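# Examining the three-dimensional arrangement
Each chain, written out:
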Amino acid sequence: SQTIHQWPATLVQPVGSPLSLECTVEGTSNPNLYWYRQAAGRGLQLLFYSVGIGQISSEVPQNLSASRPQDRQFILSSKKLLLSDSGFYLCAWRRTGGDEGYTFGSGTRLTVV
Amino acid sequence: SQQGEEDPQALSIQEGENATMNCSYKTSINNLQWYRQNSGRGLVHLILIRSNEREKHSGRLRVTLDTSKKSSSLLITASRAADTASYFCATAGSGTYKYIFGTGTRLKVLA
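Read on for an overview of the structure. (Residues numbered from 1 in each chain as written. Chains lettered and ligands numbered in written order. Predicted model: local features only at pLDDT ≥ 70, side-chain atom pairs only at ≥ 80, totals over all residues. Heavy atoms only, no water.)

### Notes on the overall build of chain A
In plain terms, the rule: Strands here are runs of E lasting at least two residues and helices are runs of H or I lasting at least four, both read from the DSSP assignment and numbered beginning at the N terminus. As defined in this context, the radius of gyration uses C-alpha atoms, and a globule is described by 2.2 Å times the residue total to the power 0.38. The classification of residues rests on relative accessible area computed with a 1.4 Å probe and restricted to protein chains. Under 20% of the type maximum is buried, over 50% is exposed, and intermediate values are partly exposed. Should any heavy atoms of two residues lie within 4.5 Å, those residues are considered in contact. Where accessible areas are quoted, they stem from the Shrake-Rupley method and a 1.4 Å probe; at the residue level, only the protein chains shown are allowed to cover. Residues scored as positive are Lys and Arg, those scored as negative are Asp and Glu, and His as well as the terminal groups of each chain are ignored. To locate a charge, take atom NZ for lysine, CZ for arginine, CG for aspartate or CD for glutamate.
In terms of helices and strands, chain A carries zero helices and eleven strands. Taken against the 2.2 N^0.38 rule, which gives 13 Å for 113 residues, the C-alpha radius of gyration of chain A at 13 Å falls within 12% of a compact globule. Counting every position in chain A, which comprises 113 residues, the buried fraction comes to 47%. Taking the contacts inside chain A whose residues are at least 6 apart along the sequence as the reference set, 55% of them involve residues at least 24 apart. Total accessible area on chain A stands at roughly 5,100 Å², and carbon and sulfur atoms take up 52% of it. One way to put it: in chain A the 9 positive side-chain charges average out to a point 7 Å from where the 7 negative ones average out.

Okay, structure coming up:
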């Protein structure tokens, strides 16, 4: 069966520090991978998605970047965090070519102080 | 821009009652999905309805889709306290890889 792992669960980082959030998927190959951010009490904002290794589409210009160094690994990064980067970050995957729903990771609560 | 908008933003009902949430969207879609999110957790996929379907059932869930009105509704029958969560609709246009989520309805079921 397929599983998705996202870590860490919580993170407190100072303004100006770097960020690296990792997401890995097991039990499938060539998944479509996604990073979403959710502000407190709000809906989900799509940040990045990837349909293959090294292929990244950015939805919102911002202080973040994403990379997909391996087929089932998706990394969200920042060189210098801003206060506005605080939020709940969710990684998700779905099968390539299908119209099934996403499977989400458990999320990372990032607080920038 | 937000594709889907749920209504109401918050809903409080008694256990055993039915809960209805609505979702409106702006552009043509390939399918529409509903997700559930418990506080501080990831989202869980509940049900998908395709653009050529009008109604779909899954257990106590009933979803309808009206593409002429660009709207969908999620009905949870005989609600339980464990149904307390936020519910989101998500839409994808034809040929797209990404789903756009609505702002969510916070449902509270009182025991």
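After that view of the structure, there is still more to cover.
### Quick notes on the environment of Ile 47 of chain B
On the secondary structure map, Ile 47 of chain B appears in strand S5 (residues 43-50). Linking Ile 47 of chain B and Ala 90 of chain B, residues 43 residues apart in sequence, is a C-alpha distance of 11 Å.

### Things to note about the sheet that holds strand S8 (residues 73-78) of chain A
Residue and element names in this part refer to chain A. For clarity, the cut-off: DSSP-based pairing: two strands are paired if at least 2 bridges between them are found. Angles here are taken between N-to-C directions and fall from 0 to 180 degrees, while the axes themselves are lines fitted to C-alpha atoms, restricted in helices to the stretch in contact.
Taken in spatial order, the four strands line up as S1-S3-S8-S7 in an open sheet, and their pairing is antiparallel. A strand with exactly one partner marks an edge of an open sheet, and here the two such strands are strand S1 (3-7) and strand S7 (65-70). For this sheet the average axis-to-axis angle between neighbouring strands, irrespective of direction, equals 20°. The pairing of S1 with strand S3 (residues 19-26) spans five bridges and is classified as antiparallel. Residue pairing for S3: Ile 4 is matched across the bridge by Val 25.

### Considering the pattern of salt bridges
Note the threshold: Here a salt bridge means any side-chain nitrogen of Lys or Arg lying within 4 Å of a carboxyl oxygen belonging to Asp or Glu.
Using the criterion set out here, one finds seven salt bridges over all chains in the structure. Here Asp 85 of chain A makes a salt bridge to Arg 37 of chain A, at a shortest N to O gap of 3.8 Å. A residue pair is termed long-range when its members are at least 10 positions apart, and Asp 85 of chain A in the loop between S8 and strand S9 (87-94) and Arg 37 of chain A in strand S4 (residues 32-38) qualify at 48 residues. One exposure class covers both Asp 85 of chain A and Arg 37 of chain A, and it is buried. Note that Glu 59 of chain A and Lys 98 of chain B form a salt bridge whose closest N and O atoms lie 2.8 Å from each other.

### Focus: the environment of Ile 100 of chain B
Within the secondary structure layout, Ile 100 of chain B lies in strand S10 (residues 100-101). Considering only alpha carbons, one finds Ile 100 of chain B and Leu 32 of chain B, 68 residues apart in sequence, at a separation of 9.7 Å.

### Focus on the environment of Ser 72 of chain B
Residues and elements named next belong to chain B. Heads up, the rule is: In protein, a polar contact means a hydrogen-donor-capable atom and an acceptor-capable atom, both N or O and within 3.5 Å, with residues adjacent in sequence counting only if both atoms are side-chain atoms; elsewhere, any N or O pair within 3.5 Å suffices.
Examined against the element boundaries, Ser 72 turns out to sit in strand S8 (residues 71-76). By relative accessible area, Ser 72 is classed as buried at 3%. The residues contacting Ser 72, other than those within four sequence positions of it, are Met 21, Asn 22, Cys 23, Leu 32, Trp 34, Val 63, Thr 64 and Leu 65. There is a polar contact of 3.2 Å between the side chain of Ser 72 and the side chain of Trp 34. Engagement of the side chain of Ser 72 in a polar contact is seen with the backbone oxygen of Thr 64, the distance being 2.7 Å.

### Some thoughts on the state of the cysteines
Definition in use: Note on disulfides: each one is a pair of cysteine sulfur atoms within 2.5 Å.
In total, this model carries two disulfides over all chains according to the counting rule given. Linked covalently through their sulfurs, Cys 23 of chain A and Cys 91 of chain A form a disulfide whose S-S length is 1.9 Å. Judged by the torsion about the S-S bond (-75°), the Cys 23 of chain A/Cys 91 of chain A disulfide is left-handed. With a gap of 68 residues between them, Cys 23 of chain A in strand S3 and Cys 91 of chain A in strand S9 connect regions that are remote in the sequence. For Cys 91 of chain A, a relative accessible area of 0% translates into the label buried. A disulfide bridge connects Cys 23 of chain B with Cys 89 of chain B, and the sulfur atoms are separated by 2.0 Å. Judged by the torsion about the S-S bond (65°), the Cys 23 of chain B/Cys 89 of chain B disulfide is right-handed.

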